[in-house]
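The residues making up each chain are set out below.
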There are 2 protein chains.
Amino acid sequence: MTGLRLLLAGFGHVGRRLAELLDRGFPGVEATVVGVTTGSHGAWADPAGLPPGRILELYRTRGGFPQRLDTLEIVRSLDYDVLVELSPLAIAARGEPAIAHVRAALARGRHAVSANKGPVAWAYRELSGLARERGVRFLFESAVMDGAPVFNLRRHCLRGLGIQALDGVLNSTTNVVLGRMEQGAGLEQAVAEAQAMGIAEADPAADLDGWDAAVKLAALANVLMDAELAPEAVLRQGIRHLGPGDLAAAGRRGRRIKLVCEAARDGGGVSARVEPRELDPAHPFARLEGADSILRLHTDLMGRISILEESPGLDGTAYGVLGDLLTLVSPY
Amino acid sequence: MTGLRLLLAGFGHVGRRLAELLDRGFPGVEATVVGVTTGSHGAWADPAGLPPGRILELYRTRGGFPQRLDTLEIVRSLDYDVLVELSPLAIAARGEPAIAHVRAALARGRHAVSANKGPVAWAYRELSGLARERGVRFLFESAVMDGAPVFNLRRHCLRGLGIQALDGVLNSTTNVVLGRMEQGAGLEQAVAEAQAMGIAEADPAADLDGWDAAVKLAALANVLMDAELAPEAVLRQGIRHLGPGDLAAAGRRGRRIKLVCEAARDGGGVSARVEPRELDPAHPFARLEGADSILRLHTDLMGRISILEESPGLDGTAYGVLGDLLTLVSPY
């Protein structure tokens, strides 16, 4: 058994792609999987561990894992180096049980890498404090904009800069749906098409109501602006009230409607909102197509700096996790 | 005398702004200036050093510095920690004498921070090898796109990713000139306006002929794609042959003309070109206005990731130098 011993909490699209990339070989990262838990496809844990390719094979040949194990129990008892939190975001549960998993791993002095944005949106300050106290790392580059560097950008590239505000377009589903409505589709049809493209989920409510964007915005504000902002505190308006007529009317004014996220310093705190906005064609967010995302930082010395991700894929999210694992192996 | 002892080679707009920001206080960086050299405003060197604010005062009250000293001679003999290379780019001299300054500093085991892109475009491999050999750092974040992270982005945020190609719009003057020509101005008038805005230099040839862009592109390809590409090897077409009629014709097709830089892997090497291109409105470079710049990386796992800088100012370039100084004080 060589390299990092991983406990994977979740084995959906991202988890499987991560295993594929690790199996193919990513420079600098060697890993063994000592445990996997899933929502409805069983679990597996063995301190002896298996290479990522063998775990994939196990999953594929059996359509799941043979054991029934409680994730939190494994997080607390199994011997591993890194908890990789890949479970789906649970908004109604305010980021649980992912937060409990990450907390339990850090409390035991194990690193935690989260692709789930819940722990960053609802518990960043507590969890990062706990990680510092225990001398381990809590990393989450893939939680927002896949593996595009947003948290690392701030941490490693913009040191010493003040960030007064940030804004962006962070939700792919609504961007695809608005684009289809510009072409005349109704909301339901546009959502169905986004689902057929594999962009929208079976239940698109969290996207259409702006919740997914609000959770991302809270995570960004907490880490990049040192805010203490829960997603519920984000003023939030979704896109359900919009139809092709609204998009067409904006188009006649030469403008486009995008679901814009914005956080800004406000007295001692940070206030944040998610809402559809009609944008001038010269606005840097107006050009976005399909599943593109953009984050813009309003800084003191550097003015406005944006990072733009064009049509990301699963590889991108899996890369974000790989990059975090590489940080654990070769810290800066 | 506390902090880093700086030798400033050049004291133009960026050098003076750097001194102002250091004087105001930048978290984590304390510095003393032990030497300054300029092209035509004299020089000053004193191992006892002065705080940055005092150097500014000296320069302002006397309109220059009292001594006549040769820069290379000071680089070789004065006791300092960091050479900060702020001299103007000399294209005809293939980046000299800045390259000789940086080489001499590194050879003595001193760090070099260059806002001048010449050393990166013409001598990156040699100078970075020399720095490694001597156990010091050669840093140059401000050489391309001011202080917007392009080199640090690759070094710290996109580790392990393959970069197949990069493209961008990197020259502010041509972007401003093309924008004015879209509004009907002729080339000469547009250049005069860009000069009045403080964007174009008194001699705009290096910008209009695509040389400035080619030097930036070579620097980027050398560092981000491990190329060995001199600016002369970049296929280069400027914008002198264009007039408002060309821009208007593109506009009637719903398109815009931008001076695009592109480098791509080509067999075992990297080939690069700078040329005006007519862009579809959905192209991420089409929206750029004024002095905006954008760099896009075509990666293997993350798809296309861009960094966009909106209307930068002098602070931005000075910040790039400050960030490099911070890296020397608190390395990753």
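Residues numbered from 1 in each chain as written. Chains lettered and ligands numbered in written order. Predicted model: local features only at pLDDT ≥ 70, side-chain atom pairs only at ≥ 80, totals over all residues.

*Asks:* What is the right way to look at the overall build of chain A in this model?
*Replies:* Each helix and strand counted, chain A has 12 helices and 12 strands in total. Since a compact globule built from 332 residues should have a radius of gyration of about 20 Å, the 20 Å found for chain A is in line with a globular shape. For chain A, the spread of C-alpha atoms along the principal axes amounts to about 65 × 45 × 35 Å. Counting every position in chain A, which comprises 332 residues, the buried fraction comes to 56%. Sequence separation of 24 or more characterises 72% of the internal contacts of chain A that already satisfy a separation of 6 or more. (Helix = DSSP H or I, 4+ residues; strand = E, 2+ residues; numbered from the N terminus. Rg over C-alpha atoms; globule rule 2.2 N^0.38 Å. Buried ≥ 20, exposed ≤ 12 C-beta atoms within 10 Å, placed from the backbone. Contact = placed C-beta atoms within 7 Å.)

*Asks:* Just to check I follow, could you spell out the relation of the copies chain A and chain B for this structure?
*Replies:* Put simply, the two copies of the chain differ by a rotation about an axis and a shift along that axis. For the pair chain A and chain B, the relating rotation is 180°, the translation along its axis is 0.0 Å, and the fit reaches an RMSD of 0.0 Å. Read as a symmetry element, the transformation amounts to a two-fold axis. Taken as a fraction of all interface residues of chain A, those also at the interface in chain B reach 100%, which identifies the copy contact as same-surface. (Least-squares fit on C-alpha atoms with pLDDT ≥ 70 in both.)

*Asks:* Could you clarify how one ought to interpret the interface of chain A and chain B in this entry?
*Replies:* It is common to give the size of an interface as the accessible area lost on bringing the parts into contact. The interface of chain A with chain B comprises 38 residues on the first partner and 38 residues on the second. By residue class, the composition of the side of chain A that touches chain B is 20 nonpolar, 11 polar and 7 charged. Of the strand pairs in this sheet, strand S12 (residues 304-310) of chain A and strand S12 (residues 304-310) of chain B are connected by 7 bridges, and their pairing is antiparallel. Note on S12 of chain B: the bridge partner recorded for Ile305 of chain A is Glu309 of chain B. (Nonpolar A, V, L, I, M, F, W, Y, C, P; charged D, E, K, R; others polar. Pairing = 2+ DSSP bridges.)

*Asks:* How should I be thinking about the nonpolar core in this particular structure?
*Replies:* Generally speaking, a soluble globular protein has its nonpolar side chains buried in company with each other. In terms of nonpolar packing, the biggest core is built from 234 residues, with Leu217, Leu220 and Ala221 of chain A together with Leu217 and Ala221 of chain B touching the most fellow members. Every residue in contact with Ala221 of chain B, bar those within four places of it in the chain, is listed here: Ala227, Leu229, Ala263, Val270 and Ala272 of chain B. (Core = buried A, V, L, I, M, F, W, Y, C linked by C-beta atoms within 7 Å.)

*Asks:* Help me out: how do you make sense of the environment of Leu322 of chain A in this one?
*Replies:* Among the structural elements, Leu322 of chain A can be located in helix H12 (residues 314-329). Of the residues examined, Leu322 of chain A has 28 C-beta atoms within 10 Å and is grouped as buried. Leu322 of chain A sits 86 residues away from Arg236 of chain A along the chain, and the two C-alpha atoms are 32 Å apart. What Leu322 of chain A contacts, discounting residues up to four positions off in sequence, is Leu18, Leu21, Phe26 and Val29 of chain A together with Gly160 of chain B.

*Asks:* What is the right way to read the sheet that holds strand S6 (residues 138-139) of chain A from this model?
*Replies:* Across a sheet, paired strands are connected by hydrogen bonds in the backbone, their directions being either parallel or antiparallel. Residue and element names in this part refer to chain A. One open sheet accounts for 6 strands, arranged S3-S2-S1-S4-S5-S6; its pairing is mixed. The sheet is open, and its two borders are formed by strand S3 (43-50) and S6, each paired with just one other strand. Sitting on the sheet, helix H2 (residues 52-62) is in contact with strand S2 (31-37) and S3, with an inclination near 30° to S2. The strands touched by H12 are strand S1 (4-9), S2, strand S4 (82-85), strand S5 (111-114) and S6; relative to S5, the strand with the most contacts, the crossing angle is about 160°. (Axes fitted to C-alpha atoms, helices over the stretch in contact; angles between N-to-C directions.)

*Asks:* I tried to follow the domain arrangement of chain A on my own but got confused; where do I start?
*Replies:* Once the domains are mapped, chain A shows domain 1 (4-147 + 314-329) and domain 2 (156-309). Taking only C-alpha atoms into account, the centre of domain 1 of chain A sits 27 Å from that of domain 2 of chain A. (Domains from an automatic or database assignment.)

*Asks:* Just to check I follow, could you spell out the sheet that holds strand S8 (residues 235-236) of chain B for this structure?
*Replies:* Taking strand neighbours across the sheet as the criterion, the 12 strands line up as S8(A)-S10(A)-S9(A)-S7(A)-S11(A)-S12(A)-S12(B)-S11(B)-S7(B)-S9(B)-S10(B)-S8(B) in an open arrangement whose pairing is mixed. Both outer strands of the open sheet, strand S8 (235-236) of chain A together with S8 of chain B, are each paired with one neighbouring strand and no more. Contacting strand S7 (163-169), strand S9 (256-266) and strand S11 (293-299) of chain B, helix H7 (residues 172-182) of chain B crosses the sheet at an angle of about 145° to S9 of chain B.

*Asks:* Just to check I follow, could you spell out the environment of Leu297 of chain A for this structure?
*Replies:* Residues and elements named next belong to chain A. Turning to its location among the elements, Leu297 is positioned in strand S11 (residues 293-299). With 24 C-beta atoms counted inside 10 Å, the residue Leu297 sits in the buried group. Along the chain, Leu297 and Gln164 lie 133 residues apart, while their C-alpha atoms are 7.9 Å from each other. Leave out the neighbours within four places in its chain, and Leu297 touches Ile163, Leu166 and Ile305.

*Asks:* Sorry, what's going on with helix H7 (residues 172-182) of chain A here?
*Replies:* Think of an α-helix as 3.6 residues a turn; residues three or four steps apart then line up on the same face. Residues and elements named next belong to chain A. With 10 of 11 residues buried, H7 is to be regarded as a mostly interior element. For H7, the elements touching its buried residues are strand S7 (163-169), helix H8 (187-196), helix H9 (205-208), helix H11 (244-252), strand S9 (256-266) and S11. Two residues or fewer after H7 comes Gly184, characterised by a positive phi angle close to 110°.

*Asks:* Can you help me understand the confidence of the model for chain A in this one?
*Replies:* Low-confidence regions, as indicated by low pLDDT, have predicted coordinates that should not be scrutinised in detail. Averaged over all residues, the pLDDT of chain A is 95; the fraction at 70 or higher stands at 99%. If you check the scores for this complex, the pTM reads 0.96 and the ipTM reads 0.95. (pLDDT = per-residue confidence, 0-100.)

*Asks:* It is not clear to me how the packing of helix H5 (residues 118-134) of chain A against helix H10 (residues 211-224) of chain A should be interpreted in this structure. Could you clarify?
*Replies:* Residues and elements named next belong to chain A. The interhelical angle for the contact between H5 and H10, taken along N-to-C directions, is 30°, at an axis separation of 7 Å. With respect to H10, the element H5 is oriented roughly parallel. Crossing geometry of H5 relative to H10 is assigned as left-handed. Along the contact surface, H5 presents Val120, Ala121 and Tyr124, while H10 presents Val215, Ala218, Ala219, Asn222 and Val223. Looking at the contact of H5 with H10, its residues break down into 7 nonpolar, 1 polar and no charged. (Parallel < 35°, antiparallel > 145°, perpendicular 65-115°, else oblique. Left-handed = near helix turned anticlockwise from the far one by under 90°.)

*Asks:* Would you mind going over the pairing of S3 of chain A with me for this structure?
*Replies:* Looking down a regular strand, the side chains alternate between one sheet face and the other. All names here are of chain A. Bridge count between S2 and S3: 4 bridges; the pairing is antiparallel. Among the inter-strand pairings, Gly35 is bridged to a residue of S3, identified as Ala45. Hairpin connection from S2 to S3: 5 residues lie between these consecutive antiparallel strands, with Gly42 at a positive phi of about 75°.

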